[in-house]
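# Geometric and topological summary
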Amino acid sequence: MSETKSFDIPKQLIGKAYKQVAKNKGAAGVDEITIAKFNEDLKGNLYKLWNRMSSGSYFPKPVKAVEIPKDTEGQRMLCIPTVLDRIAQTAVAMYLEPLVEPAFHQDSYGYRPNKSALDALDITRKRCWKYDWVVDLDIVEFFDSLDHNLILQTIKMYTDCKWVILYVERWLKVPIQQADGNVIARSKGIPQGSPISPVISNIVLHLVFDDWMKQEYPTLPFERYVDDMIVHCKTQKQANFYKR
């Protein structure tokens, strides 16, 4: 590691993260810089990001609020980071994934390699032939209400990497810029739409739900897709007891 750098971050990790962000495409953030515009000085932009992250001087910009219709009713607010911030977040997600994936529950299906919503539906259907009752759980405003200290505590259970923890904390605190230009400060929650959100949400829910189920209800199978869960029960009495 260079004597002038605070953190040893591989340049290859930033390059790999860029390729993933470019593949996913996506809209511009608050700086209105698209992937195409970023590519005009690709080498220079990636070097600047790596240099700032390695020295501790990288600070993310506000996220851009975009409302999209929900599958049922109402609107869901997505928060779009800048291209630069998406690359940085993807790099951290790529760092964390190999550390946390081996620990995750086999019936956690959301935003995980080689798992999908169709896989969750398939195992749910098969278990419904064996269990007559289900409890359907959904955490209201999960992403918007997550406690920042809880997020950092759970991440520290898997890594003590200082630059990962530092930048996750900074991303948690970035404000939201609304369509009218107003900027809203945030003291809790994690923005939906950011590359780091899926792995953070799975880390938290693995510890507070999956592990809790294993300890408290080891005989009840379940499927979880991020903050949506189905718990299978043999009888109505068992289901009512679980709901308590």
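That block above? That's the structure.
Quick look at helix α5 (residues 117–128) now. Over its twelve residues, α5 runs 16 Å from end to end, which matches the ideal 16 Å to within 8%, given 1.5 Å per residue. Here α5 has its buried residues at Ala 120, Thr 124 and Arg 127. One side of α5 carries all its buried residues, which in axial view fall inside an arc of 65°. Turned more than 90 degrees away from the buried face of α5 sit Leu 118 and Leu 121, all of them exposed. On the buried face of α5, the contacting elements are β6 (222–225) and β7 (228–233).

Another point: the pairing of strand β1 (residues 63–69). When β1 meets strand β4 (residues 176–177), the two strands line up parallel, connected through two bridges. Paired with Val 63 across the strands is Ile 176, a residue of β4. Looking at chain direction, β1 and strand β2 (residues 75–80) are connected through six bridges and run antiparallel. Residue Glu 67 lies in a different strand from β2, and its bridge partner there is Met 77.

Glancing now at the packing of helix α4 (residues 83–100) against helix α8 (residues 162–173). At their nearest, the axes of α4 and α8 sit 11 Å apart, and the two run at 135° to each other. Relative to α8, the element α4 lies oblique. Both α4 and α8 take part in a crossing whose hand is left-handed. Contacts between α4 and α8 involve Ala 88, Gln 89, Val 92, Tyr 95 and Leu 96 on the former and, on the latter, Trp 163, Val 164, Val 168 and Trp 171. Partitioned by chemical class, the residues of the contact of α4 with α8 number eight nonpolar, one polar and no charged.

Okay, the sheet that holds β1 next. In space, the four strands of this open sheet follow the order β2-β1-β4-β5, with mixed pairing throughout. Looking at which strands have only one partner, the edges of the open sheet turn out to be β2 and β5 (183–184).

Let us look at the packing of aromatic side chains. Tallied over the full model, the rule gives 14 aromatic pairs. For the pair Trp 212 and Tyr 242, a centre-to-centre distance of 6.3 Å together with 55° between the ring planes defines the contact as tilted. Here Trp 212 is found in helix α9 (residues 197–216), whereas its partner Tyr 242 is found in helix α10 (residues 236–243), with 30 residues between them in sequence. On the basis of relative accessible area, Tyr 242 is assigned to the buried category, the value being 7%. Judged by centre distance (4.8 Å) and plane angle (70°), the ring pair of Tyr 217 and Tyr 242 falls under edge-to-face. Here Tyr 242 lies in helix α10 and Tyr 217 lies in the loop between α9 and β6, a separation of 25 residues in the sequence. Within the aromatic cluster, the residues linked to one another by ring pairs are Phe 209, Trp 212, Tyr 217, Phe 222 and Tyr 242. A cation sits over an aromatic face here: Arg 170 above Phe 59, 3.8 Å from the ring centre. Its end group placed over the ring of Tyr 131, Lys 234 keeps NZ or CZ at 4.6 Å from the ring centre.

Another aspect to go through is α4. With 18 residues, α4 ought to run about 26 Å at 1.5 Å a step, and its terminal C-alpha atoms sit 25 Å apart, in line with that. By the burial criterion, the buried members of α4 are Val 83, Asp 85, Arg 86, Ile 87, Ala 88, Gln 89, Thr 90, Ala 91, Val 92, Ala 93, Leu 96 and Val 100.

With that out of the way, let us pick up unusual backbone geometry. In this structure, Tyr 111 takes a positive phi of about 55° despite not being glycine. Its place among the elements puts Tyr 111 in the loop between α4 and α5. Phi at Glu 141 is positive, roughly 50°, even though this residue is not glycine. Following the sequence through the fold, Glu 141 ends up in the loop between β3 (133–138) and α6 (142–145).

With that settled, consider the pattern of salt bridges. What the rule picks out here adds up to nine salt bridges. Between Arg 224 and Asp 210 there is a salt bridge, with its nearest N and O atoms 2.9 Å apart. One end of the pair, Arg 224, is in strand β6; the other, Asp 210, is in helix α9, with 14 residues separating them in the sequence. Judged by relative accessible area, Asp 210 falls into the buried class, the value being 1%. Connected via shared salt-bridge partners are Asp 107, Arg 127 and Glu 223.

The rules behind these values
Note that residues are indexed from 1 along each chain, following the sequence as it is written. Where totals are concerned, whole chains, interfaces and linings use all residues; where local detail is concerned, this predicted model gives features only for residues with pLDDT of at least 70, and gives and counts side-chain atom pairs only at 80 or more. Based on all heavy atoms of the structure, the side-chain values leave hydrogens and waters out of the count. Strands here are runs of E lasting at least two residues and helices are runs of H or I lasting at least four, both read from the DSSP assignment and numbered beginning at the N terminus. One fewer than the residue count of a helix, multiplied by 1.5 Å, yields its expected span. Remark: exposure states derive from per-residue accessible area (1.4 Å probe, protein chains only) relative to the maximum for the residue type, with buried under 20%, exposed over 50%, and partly exposed in between. The arc in question is the one traced by the directions running from the helix axis out to the C-beta atoms. Residues are treated as being in contact if the distance between any of their heavy atoms lies within 4.5 Å. One requirement defines pairing of two strands: DSSP has to find at least two bridges between them. Between N-to-C directions, angles cover 0 to 180 degrees, with each direction set by a line fitted to C-alpha atoms, over the stretch in contact for helices. Geometric relationships in this document are graded by angle, where less than 35 degrees denotes roughly parallel, more than 145 denotes roughly antiparallel, 65 to 115 denotes roughly perpendicular, and other angles denote oblique. Should the near helix be turned anticlockwise from the far one by less than a right angle, the crossing is termed left-handed; should it be turned clockwise, right-handed. As a working rule, the residues Ala, Val, Leu, Ile, Met, Phe, Trp, Tyr, Cys and Pro are called nonpolar, Asp, Glu, Lys and Arg charged, and the rest polar, with Gly in that last group. Each Phe, Tyr or Trp ring (for Trp, its six-membered ring) is paired with any other whose centre lies within 6.5 Å, and the angle between the two planes then decides the class: stacked below 30 degrees, edge-to-face above 60, tilted in between. Whether a charge sits over a ring depends on NZ of Lys or CZ of Arg being within 6 Å of the ring centre and within 35 degrees of the ring normal. One side-chain nitrogen of Lys or Arg within 4 Å of one carboxyl oxygen of Asp or Glu is enough to make a salt bridge.

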